[in-house]
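# Fold and geometry: a report
If you want the building blocks of each chain, they are given just below.
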Amino acid sequence: MPNFLAAAKRSTRWGLNRWGLMALVATVALGVSLGLGGLNLPASKALAQTPALERATPTNAMAYRFTVGDYKAMVVSDGTLTLPVGFFVPNADPAAAAAALADNFLPTDNVLVHLNVLYLETDEHRVLIDTGAGNTFGPTVGYLANNLAAAGIAPDTIDTIIVTHAHPDHIGGILDDSGNPVFANASYYISEPEWDFWTAPTVDMPNTLVDEDTQATLIGVAQEWLGAIASRTTRFALGDEIIPGIVSVPAVGHTPGQAVYLITSGDDSLLATGDVFFSDPLNLENPDWEVVFDTDPTQGVATRKQLLETVAGDRRRLLVPHMPFPGLGHVRTQGEAYGWEPIVWDFGFEA
């Protein structure tokens, strides 16, 4: 059977060893309007005239520290969003989707989507994989920079940002409420096909399940936010090593150039999955259900099934951006489908 991570076997060193879419239209202070008929996000040119969001103080922890071999790592929450089930998997049988959620003790009318961002300290770099949603989706997201600072990581000390794909909830944190760079000293990395797709004069998504207004918004945000970092961005071929210890793996379907990242230090590794799958049980127990935001839903299903087969067989440790915080765990086989096994929480007590 094909191995999803084969592209990461570049050398023996690596081994293989919305978000805030509500059932009703929501209008928030920033002027972000989110509804089932399309979402309207602010362009950065307007941000200087837009009041900063008033964000609540979270009750619980929004950072989780761990290690990958010799690398220090931390999952930092950017917040959460809520998505109606029927919008998230529009072609799924509603009764089957509700039953899958109910069987897992989850609400049957919506999906809670976490935004988990991975921070790494490698031998040479301070790295983020993606930047969260920033100001693009209302007051329940955009906590990344504050949570990094609370954890002792100043945004201007981040030197490397690696992008999985250019949807707003993954690149929105590039700019602050005034349209200025949040990570002033960072170099950016994104796959060549992802960059080329979103920055082309004409961007076509004939197979996606989202409406035309939403398509236009996704394109506009990607072009403007990527444009803001064009001079600091390196494009790479899918399968390339990005920096020592991090290798890209093709994961197209959700977007035409999505990459996931195999992080390796010594005998330890972690796969940062991007948006290949989102929700247990909707995407794991039912990997054939198409997801609304996949640019190519058919390819998205194929990529998801291939990755799930591979990581379950390898017992690979994963960081999944949209699973419940901290999004760390493993995929296990469950009959002919799959299930999620979250990590056992480690408080990090030292002997």
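It should be noted that the structure appears before, not after, this text.
Report on the accompanying structure. (Residues numbered from 1 in each chain as written. Predicted model: local features only at pLDDT ≥ 70, side-chain atom pairs only at ≥ 80, totals over all residues. Heavy atoms only, no water.)

### Some details on the environment of N185
Considering the arrangement of structural elements, one finds N185 in the loop between helix 4 (168-171) and strand 9 (187-191). In this structure the C-alpha to C-alpha distance between N185 and R232, which are 47 residues apart in sequence, comes to 9.3 Å. (Helix = DSSP H or I, 4+ residues; strand = E, 2+ residues; numbered from the N terminus.)

### Quick look at empty space enclosed by the protein
Quantified by volume, the largest cavity comes out at close to 100 Å³. Taken together, 15 residues line the largest cavity, and the ones lying closest to its centre are N116, I129, D130, H170 and P321. Mapped by element, the contributors of at least two residues to the lining of the largest cavity are strand 6 (110-121) and helix 4. For the lining of the largest cavity, the leading source of residues is strand 6, giving four residues. Of the residues contributing to the lining of the largest cavity, the split by class is seven nonpolar, six polar and two charged. (1 Å grid on protein atoms, 1.4 Å probe; cavity = no way out; pocket = protein on both sides within 12 Å on 5 of 7 lines; lining within 4 Å. Points joined across faces, edges and corners; volume = space filled by probe spheres on them. Nonpolar A, V, L, I, M, F, W, Y, C, P; charged D, E, K, R; others polar.)

### Things to note about the sheet that holds strand 12 (residues 246-250)
An order of 11-12-13-14-15-16-17 is seen for the seven strands of this open sheet, with the pairing classed as mixed. Of all the strands in the sheet, just strand 11 (241-243) and strand 17 (337-342) have a single pairing partner and so form its edges. Two strands pair when backbone bridges link them, and strand 13 (residues 259-265) and strand 14 (residues 268-272) are joined in this way by five bridges, in the antiparallel orientation. Looking at the pairing, S265 lines up with D268 of strand 14. (Pairing = 2+ DSSP bridges.)

### Things to note about the nonpolar core
Counting residues in hydrophobic clusters, the biggest one holds 55 residues, and the most contacted among them are L128, L148, F183, W198 and L282. Of all the secondary-structure elements, those providing two or more residues to this core are strand 5 (71-84), helix 1 (85-88), helix 2 (94-103), strand 6, helix 3 (144-150), strand 9, helix 5 (192-199) and helix 6 (212-228). Ranked by the residues each element gives to this core, the list is headed by helix 6, at six residues. Of all hydrophobic cores here, the second largest spans 24 residues; its members include F236, I242, Y261 and A272. (Core = buried A, V, L, I, M, F, W, Y, C linked by side-chain atoms within 4.5 Å. Buried < 20%, exposed > 50% of the residue type's maximum accessible area, 1.4 Å probe, protein only.)

### A word on the pattern of salt bridges
Applying the stated criterion across every chain, the model contains six salt bridges. For R317, the salt bridge goes to D268, with nearest N and O atoms at 3.0 Å. With R317 in the loop between helix 7 (297-314) and strand 15 (318-319) and D268 in strand 14, the pair connects residues that are 49 residues apart, well separated along the chain. On the basis of relative accessibility, which here comes to 26%, the residue D268 falls in the partly exposed class. E341 is the partner of R332 in a salt bridge, and the nearest nitrogen-oxygen pair spans 2.5 Å. Residue classification places R332 among the partly exposed positions, given a relative accessible area of 30%. (Salt bridge = Lys/Arg side-chain N within 4 Å of Asp/Glu carboxyl O.)

### Comments concerning helix 2
Those residues of helix 2 that fall on the buried side of the exposure criterion are A97, A100 and L101. For helix 2, the angular spread of the buried residues around the axis is 95°, confining them to a single face. Turned more than 90 degrees away from the buried face of helix 2 sit A95 and D103, all of them exposed. The secondary structure elements touched by the buried residues of helix 2 are helix 1. (Arc of directions from axis to C-beta. Contact = heavy atoms within 4.5 Å.)

### Section: the packing of aromatic side chains
This structure, assessed with the given rule, holds nine aromatic pairs. Taking 4.5 Å as the distance between ring centres and 65° as the angle between the ring planes, the aromatic pair formed by Y64 and W345 counts as edge-to-face. Here the residue Y64 occupies a position in strand 4 (residues 63-68), and W345 occupies one in the segment after strand 17, the gap between them amounting to 281 residues. Here the aromatic residues Y64, F66, F325 and W345 are joined through ring pairs into a cluster of three or more. (Phe/Tyr/Trp six-rings, centres within 6.5 Å; stacked < 30°, edge-to-face > 60°.)

### What to know about helix 6
The periodicity of an α-helix, 3.6 residues per turn, causes residues three or four places apart in sequence to face the same way. The first and last C-alpha atoms of helix 6 sit 24 Å apart over 17 residues, in line with the 24 Å expected at 1.5 Å per residue. Every buried residue of helix 6 is accounted for by T214, Q215, T217, L218, I219, V221, A222, E224, W225 and L226. (Expected span 1.5 Å × (residues − 1).)

### Some details on the sheet that holds strand 9
Strand pairing in a sheet is mediated by backbone hydrogen bonds. Such pairs are either parallel or antiparallel. Strands sit in the order 4-5-6-7-8-9-10 across an open sheet of seven strands; the sheet is mixed. Every interior strand has two partners, whereas the edge strands, strand 4 and strand 10 (233-236), have only one. Sheet twist, expressed as the average angle between the axes of neighbouring strands with direction ignored, equals 25°. Of the pairings in the sheet, the one linking strand 5 to strand 6 comprises 12 bridges and is antiparallel in character. Note that in strand 6 the partner of V76 across the bridge is V117. Sitting on the sheet, helix 5 touches strand 9 and strand 10, and the angle it makes with strand 9 is about 90°. (Axes fitted to C-alpha atoms, helices over the stretch in contact; angles between N-to-C directions.)

### Here's the deal with a nonpolar patch on the surface
Taken together, W345, F347 and F349 make up a surface patch of nonpolar side chains, about 450 Å² in accessible area. Here W345 falls in the partly exposed class, since its relative accessible area comes to 39%. (Patch = residues over 30% accessible without salt bridge, like charges linked within 9 Å, V, L, I, M, F, W, Y side chains within 5 Å. Areas by Shrake-Rupley, 256 points an atom, 1.4 Å probe, with all protein chains shown as cover.)

### Quick word on the layout of surface pockets
In this model, the largest pocket occupies a volume close to 370 Å³. L106, L112, D280, M323 and P324 are the residues nearest the centre of the largest pocket, which is lined by 23 residues in total. Looking at the lining of the largest pocket, the elements that each hand over two or more residues are strand 6 and strand 17. Per-element accounting of the lining of the largest pocket gives the leading share, five residues, to strand 6. For the lining of the largest pocket, the class distribution of residues is 16 nonpolar, six polar and one charged. If you add up the space inside the second largest pocket, you get close to 260 Å³. Residue lining of the second largest pocket: Y64, R65, F66, T67, R317, L328, I343, V344, D346, F347, G348 and E350, and that is the complete set. Residue classes in the lining of the second largest pocket are distributed as six nonpolar, two polar and four charged.

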